[in-house]
Amino acid sequence: MTSFASLVREANLINGQWVAADSGETIDVTDPASGTTIATVPNAGQAETKRAIEAAHEAFPAYAGLTLSERVALMRKLHDAIQDNLEPMAQMLTAEQGKPLAEARAEVGSSAAYVLWFAEEARRTNGATIPSPIAGRKLMTTRHPVGVVAAITPWNFPSSMLARKLGPALAAGCTAVVKPATATPLSGLVWGHLAEECGFPSGVVNVLTGSARAIGGEITSNPKVRKITFTGSTEIGKQLLAEAAGTVKRMSMELGGNAPFIVFDDADLDKAVDGAIIAKFRNAGQTCICTNRLFVQAGIYDRFVAAFADRVASLKVAPGAEEGSEQGPLVDDAALSKIEELVADALAKGGDLVTGGSRHDRGGLFYQPTVIGNATVSMRVTDEEIFGPIAPVYRFDSEDEAIQAANDTNYGLASYAFTTDLGRAFRLQDRLEYGLIGINEVLIVAPEIPFGGLKESGLGKEGSWQGIDDYLETKYTCIGGL
């Protein structure tokens, strides 16, 4: 094992104790670039989850009762610990998830940034005094942590997605039960290890790996869990919403996407191509805000496709730990099979294979970055979240046509457009039905912005001052007889 070995935890953290699953069963953690097993983690279930929730529930009053300064100090220690361990955490992330090491470093760095942001934002969770319409009364509101939070995180960004959830929860004074994805559990377990080292009290942070159904079932049904925050597919998000209705939990949902990337005739071609490369092929296209559909205006279409395809064909496909890697492997066999199906469907329905289109010579889970020209709405890639390195390019004529096509989806997470027309930029801002909009820019996410989608892409916001709101209750108090 490489230099991240000292950070690996092959046990669950429950109430300050590192424990195995009750059954003794384990799950192998494999490197998708090589298929080798790099660790084993517990295959926990309902009973272990119930104990973790109980531990978080019992730890909540004392943790919520810490002074603001004490809580902020713990958060700052956690930020510093992540920064101090950035390189081994990035190597761990690449080993279990597959993304290029440069991307993993950026993800861990952003994780630290979210923790620091929420440490600072905790100082601004203010209440208010309200002018009373009746004499002799004082009216006020105060903010209070919601209670036990359950965080369910995905495999594609296992560190930064947890930072967006655990950061505001801990800053607000909540305790947490964390369920990282089975494919990338090490990047979740390490947060428990670092929280322990930084001095967070036992039971404040609990981390469980294992059966999604059993762990999720206990989380949604247990009344001591007051909030669930989930990043994943829209299908699973809807299931969690339905299951949690019985106990009326507060819910945050960051779900699927179908991001359009619109290039107008007046766009700076080089910048548009650069943006499309990043927006489509980052993390091998396995990103919720990743470009799914590229719409290019007729006047620039041929030049864009030629320049874009040249760049795509030159991308270095290699294991994430290899120097200069720009696209790593897909996460598993199911993801690879889906990509093959989508490409076959697009070609059968009249698409032009401009570059790529098959498994990479490296074998395993590697797939060639692919561009499909003359894409049409009949293709599955139009409606399904691709989550892989396929770039279908559609031709359009008018601005209205592009906006209508971009909005013709149940999703509404991220969208991108390239134009030098200032008026058009503001029309796009008004008319695109997306929670995140990038105009002439694709690297649009930061702790300071409210990350979240419209329509079936989710509920609530992560990041910004809004990101801590869902972890706080507002109490109103009326004091009379004054």
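Structure: above.
Reference entry: report on the structure contained in this document. (Residues numbered from 1 in each chain as written. Predicted model: local features only at pLDDT ≥ 70, side-chain atom pairs only at ≥ 80, totals over all residues. Heavy atoms only, no water.)

## Quick notes on the sheet that holds strand S13 (residues 291-297)
With respect to topology, 7 strands assemble into an open sheet ordered S14-S15-S16-S13-S12-S17-S18, the strand pairing being mixed. Pairing within the sheet leaves two strands with one partner each, and these edge strands are strand S14 (352-355) and strand S18 (436-439). Across this sheet, the average inter-strand angle for adjacent strands is 20 degrees, counted without regard to direction. Pairing of S14 with strand S15 (residues 370-373) involves 3 bridges; the strand directions are antiparallel. In the sheet register, Thr355 faces S15, and the bridge partner there is Val371. Together, strand S12 (259-263), S13 and strand S16 (390-396) form the strand contacts of helix H13 (residues 399-407), whose direction differs from that of S13 by roughly 170 degrees. (Pairing = 2+ DSSP bridges. Helix = DSSP H or I, 4+ residues; strand = E, 2+ residues; numbered from the N terminus. Axes fitted to C-alpha atoms, helices over the stretch in contact; angles between N-to-C directions. Contact = heavy atoms within 4.5 Å.)

## Observations concerning the packing of aromatic side chains
One pass over the full model with this rule turns up 8 aromatic pairs. Consider the rings of Phe264 and Phe396, whose centres lie 5.5 Å apart with planes at 80 degrees: the pair is edge-to-face. Of the two residues, Phe264 is situated in the loop between S12 and helix H9 (269-281) and Phe396 in strand S16; the sequence distance between them amounts to 132 residues. Under the relative-accessibility criterion, Phe264 is labelled buried at 0%. (Phe/Tyr/Trp six-rings, centres within 6.5 Å; stacked < 30°, edge-to-face > 60°. Buried < 20%, exposed > 50% of the residue type's maximum accessible area, 1.4 Å probe, protein only.)

## Some points on the sheet that holds strand S5 (residues 128-130)
Two pairing modes exist for strands in a sheet, parallel and antiparallel, and in both the strands are linked by backbone hydrogen bonds. The antiparallel open sheet is built from 3 strands, whose spatial order is S5-S6-S20. Of all the strands in the sheet, just S5 and strand S20 (472-479) have a single pairing partner and so form its edges. The average angle at which neighbouring strand axes cross in this sheet is 25 degrees, direction not considered. Both S5 and strand S6 (residues 138-145) contribute to a ladder of 3 bridges, which runs antiparallel. The residue bridging Ala128 from the neighbouring strand is Thr141, located in S6.

## A closer look at the pairing of S13
Buried residues dominate S13, accounting for 7 of its 7 residues. Bridge count between S12 and S13: 5 bridges; the pairing is parallel. Residue pairing for S13: Phe261 is matched across the bridge by Leu294. As for the winding sense of the linkage, the β-α-β connection from S12 through H9 to S13 is right-handed. Across 4 bridges, the pairing between S13 and S16 is parallel. Bridged to Leu294 within S16 is Val393. (Right-handed = clockwise from strand over helix to strand, strands pointing away.)

## Examining H9
Between the first and last C-alpha of H9 there are 18 Å, a value that for 13 residues agrees with the 18 Å anticipated at 1.5 Å per step. Every buried residue of H9 is accounted for by Leu269, Ala272, Val273, Gly275, Ala276, Ile277, Ala279, Lys280 and Phe281. Buried residues belonging to H9 abut S12, S13, helix H10 (298-313), S15, S16 and strand S17 (414-418). Its side-chain oxygen at 3.2 Å from the backbone nitrogen of Asp270, Asp268 defines the N-terminal cap of H9. Directly beyond the C-terminal end of H9, a positive phi value near 55 degrees is found at Asn283. (Expected span 1.5 Å × (residues − 1). Polar contact = N/O pair within 3.5 Å; in protein donor to acceptor, adjacent residues only side chain to side chain.)

## With respect to the pattern of salt bridges
Within this structure, the stated rule accounts for 24 salt bridges. The partner of Arg380 in a salt bridge is Glu341, with the nearest N and O atoms 3.5 Å apart. Taken together, the residues Arg380 in helix H12 (residues 380-383) and Glu341 in helix H11 (residues 333-348) connect sequence positions 39 residues apart. The exposure class of Arg380 is partly exposed, given its relative accessible area of 27%. Residue Arg380 is joined to Glu384 by a salt bridge in which the shortest nitrogen-to-oxygen separation is 2.7 Å. On the accessibility criterion, Glu384 (27% relative accessible area) is partly exposed. (Salt bridge = Lys/Arg side-chain N within 4 Å of Asp/Glu carboxyl O.)

## A closer look at the environment of Glu54
Here Glu54 is to be found in helix H1 (residues 46-64). Considered as a pair, Glu54 and Asn15 are 39 residues apart in the sequence and their alpha carbons are 8.8 Å apart.

## Observations concerning unusual backbone geometry
Although it is not a glycine, Asn440 adopts a positive phi angle of roughly 60 degrees. Examined against the element boundaries, Asn440 turns out to sit in the loop between S18 and strand S19 (458-459). Its identity is not glycine, yet Lys455 carries a phi of approximately 50 degrees, on the positive side. When you line up the elements, Lys455 lands in the loop between S18 and S19. According to the relative accessible area criterion, Lys455 is partly exposed, its value standing at 40%.

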